[in-house]
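# Commentary on secondary and tertiary structure
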Amino acid sequence: MNEIILEFPLQSAFHTTARLTTGGICSVSGLSFDDAEDCKVCVTESLILLANKGFRRARVAFSGEKGLKIAVEGTNKGEADSRNQEDEISAALIQALAENVVMEKSENDIYKIVFEFGLTK
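Residues numbered from 1 in each chain as written. Predicted model: local features only at pLDDT ≥ 70, side-chain atom pairs only at ≥ 80, totals over all residues. Heavy atoms only, no water.

Our next topic: the overall build of the protein chain. Regarding its fold elements, the protein chain presents 3 helices and 5 strands. Starting at the N terminus and ending at the C terminus, the protein chain contains elements arranged as β-α-α-β-β-α-β-β. Along the longest, intermediate and shortest principal axes, the C-alpha atoms of the protein chain span 40 × 25 × 20 Å. By residue count, 42% of the 121 residues in the protein chain fall in the buried class. Within the protein chain, counting contacts between residues at least 6 apart in sequence, those at least 24 apart form 61% of the total. (Helix = DSSP H or I, 4+ residues; strand = E, 2+ residues; numbered from the N terminus. Buried < 20%, exposed > 50% of the residue type's maximum accessible area, 1.4 Å probe, protein only. Contact = heavy atoms within 4.5 Å.)

What follows is the structure in structure tokens.
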């Protein structure tokens, strides 16, 4: 699969669009229904986490030959929200559901979350 990229304002109204797109890409990639559902949760939680960190835009990139690799990145940083407990829950969900999770940080703030699905099955 070539890389598929979505870029959009990081507003809750766009989360449904990101989830639906993720579901379609998971289907084309041959992921199981359960993996596709987990992947949609991880994309949504990544968007919530980045919005809480103050990012105004998001870039979601899908790629992979075997399985699916997703990179969710925040851009256009603004004022951060102080929902640390929610952020910890979002991060824990992503870690629990996805494979090979990497959370890239700058000045102790997460700005990019990369994870994979369908590699070990």
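Bringing the packing of aromatic side chains into the picture now. Following the criterion strictly, the structure yields 2 aromatic pairs and no others. On the basis of an interplanar angle of 25° and a centroid distance of 6.1 Å, the ring pair of Phe8 and Phe14 is categorised as stacked. Residue Phe14 is classed as partly exposed on the basis of its relative accessible area, which comes to 29%. Centroid distance Phe115 to Phe117: 6.1 Å. Interplanar angle 90°. Geometry classified as edge-to-face. (Phe/Tyr/Trp six-rings, centres within 6.5 Å; stacked < 30°, edge-to-face > 60°.)

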